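Chain and residue survey
Now for the letters of each chain:
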Amino acid sequence: MAEAPPEIIWEHEVRRLLHYGELIPRLETALGKFSKRNSAEVIQPVRTTVPLQKHSGFLGVMPCYMENDGILCTKLVSFYKRPAGSTLPSTQATVMLLDPEYGNVKAVMDGEVITFMRTAAVSAISAKLLMRPDAEVLTILGTGKQAKSHYNVFTEIFQFKEVRVWSRSVDRADTFAGSLNGPVTVCKSVEEAVKGADIIVTVTRSTEPVLFGQWVKPGAHVTAVGACRPDWRELDDTLMKQAVVYVDSRESAMTESGDIILSGVEIFAEIGDVINGTKPACREKTTVFKSLGLGVEDAASAQLVYDNVKHC
């Protein structure tokens, strides 16, 4: 019998089918399984990258196999170092879900919404585990699509008295603030934005540090999402060295994260270790969660989208 053609799931459908209430528990389970390093649970190599020198970018390939769950998935993602004011996208992504027994492609889906939502959801998981329970002020550095997805999930599952945003362009910051469903304070400098903040999310295109430890209050939680190359940074050495550092994957962080590699800091734990209860959550200390994005996150998210398509 001929194989059925793959489901094609467009961006608007992914957006309709993926919700944080379902996604966050799936990702917590997936990250816990990843950190157990059991090949029957998760096989996921470090992302393979191909340089696109002419266009100042990279193509990343992110496969993952979750044997016990019957999930085989890969994501193709292109990411670029764009000049300030560029109208070109900094990332583009497509996710493919395959049948692990037959090898055929079951679904091809837009990877942009999956990438933004799963990244923001993992950041929220890190905050749930690591930020102080009395946190009142959220700061977001950056005003792109990742900034908006982080605003959406953080304001959906937490309550803050104040949300601040910063961008290198005040006009972009004002436009971003106007696109949100709640009140935000637009700040003119990073120092102003992060002063006294309990949780700081960095989702910038920066290749040099923009957040400095001398500005971060003791006990704050920082989720660092940008700077996904070994020579790119968002955080300075002072912050990295005064914080307890958590990552999504040790191998990825030691291969891809300039914030980790160039500061020379020791990684305390993966976030999956905290989920599994094998490493503590040091809420009383300044913490940094360095997020690179994992194939297992894409796999869990894509399977959720596919399941919801089949249930419609």
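Residues numbered from 1 in each chain as written. Predicted model: local features only at pLDDT ≥ 70, side-chain atom pairs only at ≥ 80, totals over all residues. Heavy atoms only, no water.

1. What about the pattern of salt bridges?
Any two side chains of opposite charge can pair, given that their charged atoms come close. Quick note on the threshold: Any carboxyl oxygen of Asp or Glu that lies within 4 Å of a side-chain nitrogen of Lys or Arg is treated as forming a salt bridge with it. Runs of E in the DSSP output that reach at least two residues are strands. Runs of H or I that reach at least four are helices, and both are numbered from the N terminus. Only protein chains enter the area calculation, which uses a 1.4 Å probe; residues under 20% of their type maximum are buried, those over 50% are exposed, and those in between are partly exposed.
Inspection of every chain in the model, using the stated rule, returns 17 salt bridges. Close ionic contact of aspartate 307 with arginine 26 constitutes a salt bridge, the shortest N to O distance being 3.4 Å. Of this pair, aspartate 307 sits in helix H11 (residues 295-311) while arginine 26 is found in helix H2 (residues 20-36), placing the two residues 281 residues apart along the sequence. Residue aspartate 307 is classed as partly exposed on the basis of its relative accessible area of 21%. When the shortest N-O distance is used, the salt bridge between aspartate 298 and lysine 75 registers 3.1 Å. Here the residue aspartate 298 occupies a position in helix H11, and lysine 75 occupies one in strand S4 (residues 71-80), the gap between them amounting to 223 residues. Summarising the burial analysis for this pair, aspartate 298 and lysine 75 share the class buried. One continuous salt-bridge network, built from bridges that share partners, spans Lys75, Arg118, Glu297 and Asp298.

2. Some thoughts on the packing of aromatic side chains
Note the threshold: Note on ring pairs: Phe, Tyr and Trp rings are taken, using the six-membered ring of Trp, and paired if centres are within 6.5 Å. Classes follow the plane angle, with under 30 degrees stacked, over 60 edge-to-face and the rest tilted. Charge over a ring is defined by NZ of Lys or CZ of Arg lying within 6 Å of the ring centre and within 35 degrees of the ring normal.
Counted according to the given criterion, the structure contains five aromatic pairs. When the ring of phenylalanine 158 is compared with that of phenylalanine 160, the centres are 6.0 Å apart and the planes differ by 65 degrees; the resulting orientation is edge-to-face. On the accessibility criterion, phenylalanine 158 (13% relative accessible area) is buried. Through pairs of rings, three or more aromatic residues link up here, namely Phe154, Phe158 and Phe160. One cation-aromatic arrangement involves arginine 82 over tyrosine 80; the distance from NZ or CZ to the ring centre is 3.9 Å.

3. Description of the domain arrangement of the protein chain
Counted only if it meets this: For the domain bounds, the source is a domain assignment made automatically or taken from a database. Buried area: the sum, over both parts, of the accessible surface (1.4 Å probe) that disappears when the two are put together. As used in this structure description, the phrase polar contact means that two N or O atoms lie within 3.5 Å; if the pair is within protein, one of them must be able to donate a hydrogen and the other to accept it, and residues adjacent in sequence are counted only when both atoms belong to side chains. Under this grouping Gly is polar, as are all residues other than the nonpolar Ala, Val, Leu, Ile, Met, Phe, Trp, Tyr, Cys and Pro and the charged Asp, Glu, Lys and Arg.
The domain boundaries assigned to the protein chain delineate domain 1 (7-114 + 296-310) and domain 2 (121-293). Of the roughly 2,300 Å² buried between domain 1 and domain 2, counting both surfaces, carbon and sulfur atoms make up 57%. Joining domain 1 to domain 2, the criterion identifies four salt bridges. Residue glutamate 251 pairs with arginine 37 through a salt bridge whose shortest N-O separation is 2.7 Å. Between the two partners, domain 1 and domain 2, sit eight residue pairs in polar contact (both at pLDDT 80 or more). Among the secondary structure elements, those contributing two or more residues to the side of domain 1 that touches domain 2 are H2 and strand S3 (57-66). At 11 residues, H2 tops the list of elements feeding residues into the side of domain 1 that touches domain 2. For the side of domain 1 that touches domain 2, the class distribution of residues is 12 nonpolar, seven polar and seven charged.

4. Focus: unusual backbone geometry
The residue arginine 37 is not glycine, and still its phi comes out positive at about 55 degrees. Within the fold, arginine 37 resides in the loop between H2 and strand S2 (48-52). You can call arginine 37 partly exposed: its relative accessible area is 37%. Backbone geometry places alanine 227, a non-glycine residue, at a positive phi of 55 degrees. Mapped onto the elements, alanine 227 comes out in the loop between strand S11 (221-224) and helix H7 (237-242). Taking the relative accessible area as the measure of exposure, alanine 227 reaches 3% and is therefore buried.

5. Here's the deal with the packing of H2 against helix H4 (residues 145-157)
Here is the rule we go by: Lines fitted to C-alpha atoms define the axes, with helix axes restricted to the stretch in contact, and inter-axis angles between N-to-C directions lie between 0 and 180 degrees. Here roughly perpendicular refers to angles of 65 to 115 degrees, roughly parallel to angles under 35, roughly antiparallel to angles over 145, and oblique to all remaining angles. Whether two residues touch is decided by their heavy atoms; if any such pair falls within 4.5 Å, the residues are in contact.
For the pair H2 and H4, the least separation of the axes is 11 Å and the interaxial angle reads 95 degrees. With respect to their mutual orientation, H2 and H4 come out roughly perpendicular. Within the contact between the two elements, H2 uses Tyr20, Gly21 and Ile24 and H4 uses Ser149, Asn152, Val153, Glu156 and Ile157. By residue class, the composition of the contact of H2 with H4 is four nonpolar, three polar and one charged.

6. So, the sheet that holds strand S1 (residues 7-9)
Put simply, the rule is: Any two strands between which DSSP finds at least two bridges are classified as paired.
Ordered by their spatial adjacency, six strands build an open sheet running S1-S6-S5-S4-S3-S2, and the pairing between neighbours is mixed. Edge positions in the open sheet fall to S1 and S2, since each of these has one partner strand only. Going from strand to strand, the sheet's axes swing by 15 degrees on average, the running direction of each strand aside. Summarising the sheet, strand S5 (residues 91-98) and strand S6 (residues 105-110) pair through five bridges and their orientation is antiparallel.

7. Quick notes on the state of the cysteines
Note on terminology: a disulfide is the covalent bond linking the sulfur atoms of two cysteines. This is how it is decided: Any two cysteine sulfur atoms within 2.5 Å of one another count as a disulfide.
In the structure shown here, the tally under the stated rule is zero disulfides. With no disulfide of its own, cysteine 64 has cysteine 73 as its nearest cysteine by sulfur position, at a separation of 7.2 Å. Take cysteine 64: its relative accessible area is 2%, and that puts it in the buried class.

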